[in-house]
Amino acid sequence: MKKRTLSQEKIIDCFRELAEEMAVQQITFQHLAKALNIKSPSLYNHFKNIREVKTALTAKLLTELNDQLRRVLVGKSKGEAIQAYAQTYQSFAFENQAVYELLISVPHTNEEILLEGIHETNQIILQIFDAFSLSKEEKVHRSRELRSMIHGYLSLRFLGYFTNEPNVSPEASYVWMIDDFIATLPIK
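Residues numbered from 1 in each chain as written. Predicted model: local features only at pLDDT ≥ 70, side-chain atom pairs only at ≥ 80, totals over all residues. Heavy atoms only, no water.

Undergrad: How do you make sense of the nonpolar core when you look at a structure like this?
TA: The nonpolar side chains of soluble globular proteins are, as a tendency, buried together. The biggest cluster of nonpolar side chains holds 56 residues, and the ones touching the most others in it are L32 and I82. Of all the secondary-structure elements, those providing two or more residues to this core are helix 1 (8-18), helix 2 (29-36), helix 3 (50-73), helix 4 (78-95), helix 5 (100-104), helix 6 (112-128), helix 7 (136-158) and helix 8 (170-183). Not counting residues within four places of it along the chain, the set of residues in contact with I82 comprises I128, F129, F132, L146, I178, F181, I182 and L185. (Core = buried A, V, L, I, M, F, W, Y, C linked by side-chain atoms within 4.5 Å. Buried < 20%, exposed > 50% of the residue type's maximum accessible area, 1.4 Å probe, protein only. Helix = DSSP H or I, 4+ residues; strand = E, 2+ residues; numbered from the N terminus. Contact = heavy atoms within 4.5 Å.)

And the structure:
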């Protein structure tokens, strides 16, 4: 690849592809350079280090997730909105399983762009809870509860859990979990 065709976007996309083959934490500039068929110093024209590449990809993931959530939630409220949020988040996580860990590492960073992205994701959840009879504090607790359930479920699925009961699909358990959560919310 010639330098003039190299871009931040191509590097980010290459990182995303490499994550399908190896762990996110193992990817280095050397791996990226080899995959892009360039010398690794060329990458420094676009990013200072591999951490910047990860930050850029994480920001892109957050933008994609938030865009999908906003689109799917149009016209939905209450339980239907929570179901749509949970289903969209799950689908997004499975589509991006190789790089999902970048999304959950955001709290460990001081990168403003990432903090803004995760704040937007949280605001989407909090807006959903406006349709329920919850105090501001209860909305925060319920938001944390929902995010913990979804992430816990996804983490266990990614590790291969929920496969030993052939008559109950993991997807059915996910829907049941979200429906059970919705049933505990006080409706206005």
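Further notes follow.
Undergrad: Can you walk me through the UniProt feature "DNA-binding region" (unreviewed entry) in the protein in this structure?
TA: Cross-referencing UniProt, the feature "DNA-binding region" (unreviewed entry) maps to residues 28-47 in the present numbering. Annotation note: span residues 28-47, helix share 40%, strand share 0%, distance between end C-alpha atoms 12 Å. (UniProt positions renumbered as here; feature names shortened; annotations may be inferred.)

Undergrad: For this particular structure, what's the right way to read the side chain of N96?
TA: Looking at the element boundaries, N96 is found in the loop between helix 4 and helix 5. In this structure N96 comes out as buried when scored by relative accessible area, which is 9%. Aside from chain neighbours lying at most four places away, what touches N96 is R16 and L61.

Undergrad: Help me understand the UniProt feature "domain: HTH tetR-type" (unreviewed entry) in the protein in this model?
TA: The residues that UniProt annotates with the feature "domain: HTH tetR-type" (unreviewed entry) are residues 5-65. Across residues 5-65, the secondary structure splits into 57% helix and 0% strand, with the terminal C-alpha atoms separated by 28 Å.

Undergrad: Looking at this structure, how should I read the environment of V74?
TA: Note that V74 resides in the loop between helix 3 and helix 4. C-alpha of V74 to C-alpha of A84: the two residues are 10 residues apart in sequence and 10.0 Å apart in space.

Undergrad: Is there a simple way to explain the packing of aromatic side chains in this structure?
TA: How two aromatic rings sit relative to each other is given by the distance of their centres and the angle of their planes. Inspection of the entire model under this criterion finds 9 aromatic pairs. Measuring from ring centre to ring centre gives 4.8 Å for F29 and Y44, while their planes differ by 70°; the resulting arrangement is edge-to-face. On the criterion of sequence distance, the pair formed by F29 in helix 2 and Y44 in the loop between helix 2 and helix 3 is long-range, its members being 15 residues apart. Take F29: its relative accessible area is 5%, and that puts it in the buried class. One aromatic cluster in this structure is built from Y85, Y89, F94, Y100 and F158. (Phe/Tyr/Trp six-rings, centres within 6.5 Å; stacked < 30°, edge-to-face > 60°.)

Undergrad: Where do I start with unusual backbone geometry in this structure?
TA: The phi torsion of most residues other than glycine is negative, and most of the peptide bonds are trans. Positive phi, normally seen in glycine, also occurs at N37, with a value near 60°. Take N37: it is sitting in the loop between helix 2 and helix 3. Despite not being glycine, K78 has its phi angle at roughly 55°, a positive value. Residue position: K78 is located in helix 4. What makes K78 partly exposed here is its relative accessible area of 32%.

Undergrad: Explain the packing of helix 7 against helix 8 here, please?
TA: When two helices pack together, their arrangement is given by the angle between the helix axes and by the axis-to-axis distance. In the contact formed by helix 7 and helix 8, the axes pass within 11 Å of each other and the chain directions differ by 170°. Judged on the interaxial angle alone, helix 8 and helix 7 are roughly antiparallel. Contact residues: helix 7 offers R142, E145, L146, M149, I150, Y153 and R157, while helix 8 offers P170, E171, Y174, M177, I178 and F181. Residues that form the contact of helix 7 with helix 8 fall into these classes: 9 nonpolar, no polar and 4 charged. (Axes fitted to C-alpha atoms, helices over the stretch in contact; angles between N-to-C directions. Parallel < 35°, antiparallel > 145°, perpendicular 65-115°, else oblique. Nonpolar A, V, L, I, M, F, W, Y, C, P; charged D, E, K, R; others polar.)

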